[in-house]
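Residues per chain are reported as follows:
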Amino acid sequence: METELIKLSLIKAGRALWTTLPVLLGAMLLIALASSFISKSVYASVFSGDSFFDAIIAATLGSIFAGNPATSYIIGGELVDAGISMFAVTAFLVSWVTVGIIQFPAESILLGKRFALFRNITAFLFSILVAFAVVSVVGAW
Amino acid sequence: MVSEKSYAGWYFLVAVLVLYLLSYLLSPENAFAALEFFYSLILKLIPIFVLVFLLLALANYYIKPKMLAEHMGHGSGLKGWFIAVTSGIISTGPIYMWYPLLNEMQKHGMRNGLLAAFLYARAVKVPLFPILILYFGLTYTIILSLAIIIAAPLQGLLTEKLMELFKNENSSIK
């Protein structure tokens, strides 16, 4: 009985992974394509100098690009060196991990279109709010 | 949501492959670089695949819909938010690797707000703290992490409220 239950759990897990495999492969292929076609120098060239407007641009860039968060820390460090405000850099770091435009098709197929849409919109807004809160607190520290 | 009979995932994969074909016609070097990057991603993610498979099997074995509804369903309260945020922080690997498990949990009655909070809390990357500290300092790292932890349930609640607000039979977004 117990062995049957374990076998059934493993079969169900395998079936769930198999069902989502094309979505996962598609998402990974898209991320790889974006990483190889979009040069890293694009990041610093699009900022205006106005910190609020830059935060929106930074959150948008962070939402579009994907990859290891460590990459976003390195790019964020370069942006700080290039004179971009911490408000914008923080929005970039947070949106990089929380918003996923490239992963959006996979998320909407697996978790529902409405969920993916509202989750990404609110995560985008919160990346700016979190950036504002962090910069205010760190500034007052 | 994807079901076992749905072909949406396969259509998506075919669409991405067509995109690769187009990018090959535009720039073969970049298309090959993308494939190499994809290959390195696959190699890096094999352990996460195994972890997700084991977690899925464990979830199927131990978690029953009634139990999930109790701990992470609509009546789960503070405990549900705490579990979602904590598990988001300790989860590893890229976001999309967690979609299959979350899909299963959603089918079993997990609250959408908790799903969103889990995904948001993943922005706290404890193993990457040394790099974050190196670039931005300890104070910044602590405050950023705390802000994300506080924001995760709020963002989850807002997602849920918006989903309820725009839930009507005429809506084109399902």
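Residues numbered from 1 in each chain as written. Chains lettered and ligands numbered in written order. Predicted model: local features only at pLDDT ≥ 70, side-chain atom pairs only at ≥ 80, totals over all residues. Heavy atoms only, no water.

**Examining the packing of aromatic side chains**
Residue and element names in this part refer to chain B. In total, this model carries 10 aromatic pairs over all chains according to the counting rule given. Here the aromatic rings of tyrosine 135 and phenylalanine 136 are separated by 6.3 Å at their centres, their planes lie at 40 degrees, and the arrangement is tilted. What makes phenylalanine 136 buried here is its relative accessible area of 14%. (Phe/Tyr/Trp six-rings, centres within 6.5 Å; stacked < 30°, edge-to-face > 60°. Buried < 20%, exposed > 50% of the residue type's maximum accessible area, 1.4 Å probe, protein only.)

**Some details on the interface of chain A and chain B**
Between chain A and chain B, the residue contacts involve 69 residues of the former and 72 residues of the latter. Carbon and sulfur atoms make up 81% of the area that chain A and chain B hide from each other, which totals about 6600 Å². At the junction of chain A with chain B, the criterion picks out 0 salt bridges. Linking chain A to chain B there are 10 residue pairs in polar contact (both at pLDDT 80 or more). In terms of residue count, the dominant contributor to the side of chain A that touches chain B is helix α1 (residues 2-37) of chain A (30 residues). Class assignment for the residues of the side of chain A that touches chain B results in 45 nonpolar, 17 polar and 7 charged. (Contact = heavy atoms within 4.5 Å. Buried area = accessible area lost by both parts, 1.4 Å probe. Salt bridge = Lys/Arg side-chain N within 4 Å of Asp/Glu carboxyl O. Polar contact = N/O pair within 3.5 Å; in protein donor to acceptor, adjacent residues only side chain to side chain. Helix = DSSP H or I, 4+ residues; strand = E, 2+ residues; numbered from the N terminus. Nonpolar A, V, L, I, M, F, W, Y, C, P; charged D, E, K, R; others polar.)

**Details of the packing of helix α4 (residues 69-81) of chain A against helix α7 (residues 129-136) of chain B**
Between two packed helices, both the angle of their axes relative to each other and the distance between the axes serve to describe the pair. At a minimum axis distance of 10 Å, the contact between α4 of chain A and α7 of chain B shows a crossing angle of 0 degrees. Taken together, α4 of chain A and α7 of chain B sit at an angle that is classed as roughly parallel. Every residue of α7 of chain B that contacts α4 of chain A at Ala70, Tyr73, Ile74, Gly76, Gly77 and Val80 of chain A is listed here: Ile131, Leu132, Tyr135 and Phe136 of chain B. Among the residues forming the contact of α4 of chain A with α7 of chain B, the class breakdown is 8 nonpolar, 2 polar and no charged. (Axes fitted to C-alpha atoms, helices over the stretch in contact; angles between N-to-C directions. Parallel < 35°, antiparallel > 145°, perpendicular 65-115°, else oblique.)

**A closer look at the nonpolar core**
Counting 93 residues, the largest nonpolar core has Val130 of chain A together with Tyr96 and Tyr120 of chain B as the members making the most contacts within it. With 13 residues, the single largest contributor to this core is α1 of chain A. When residues no more than four places from it in sequence are discounted, the contact partners of tyrosine 96 of chain B are Leu24, Ala27, Met28, Ile31 and Gln103 of chain A together with Leu41 and Leu45 of chain B. In terms of nonpolar packing, the next biggest core, distinct from the first, is built from 6 residues, Ala55, Ala59, Phe87 and Ala131 of chain A among them. (Core = buried A, V, L, I, M, F, W, Y, C linked by side-chain atoms within 4.5 Å.)

**Observations regarding the pattern of salt bridges**
Under the counting rule described, the total for this entry stands at 3 salt bridges over all chains. One salt bridge connects glutamate 107 of chain A with arginine 119 of chain A, and the closest N-O pair in it is separated by 2.6 Å. Of this pair, glutamate 107 of chain A sits in helix α6 (residues 104-111) while arginine 119 of chain A sits in helix α7 (residues 113-140), and the two are 12 residues apart along the sequence. Linking arginine 111 of chain B and glutamate 160 of chain B is a salt bridge whose minimum nitrogen-to-oxygen distance equals 2.8 Å. Here arginine 111 of chain B is found in the loop between α5 (99-107) and α6 (112-121), whereas its partner glutamate 160 of chain B is found in helix α8 (residues 138-165), with 49 residues between them in sequence.

It is worth stressing that arrangement in space is one thing and function is another; only the former is reported here.
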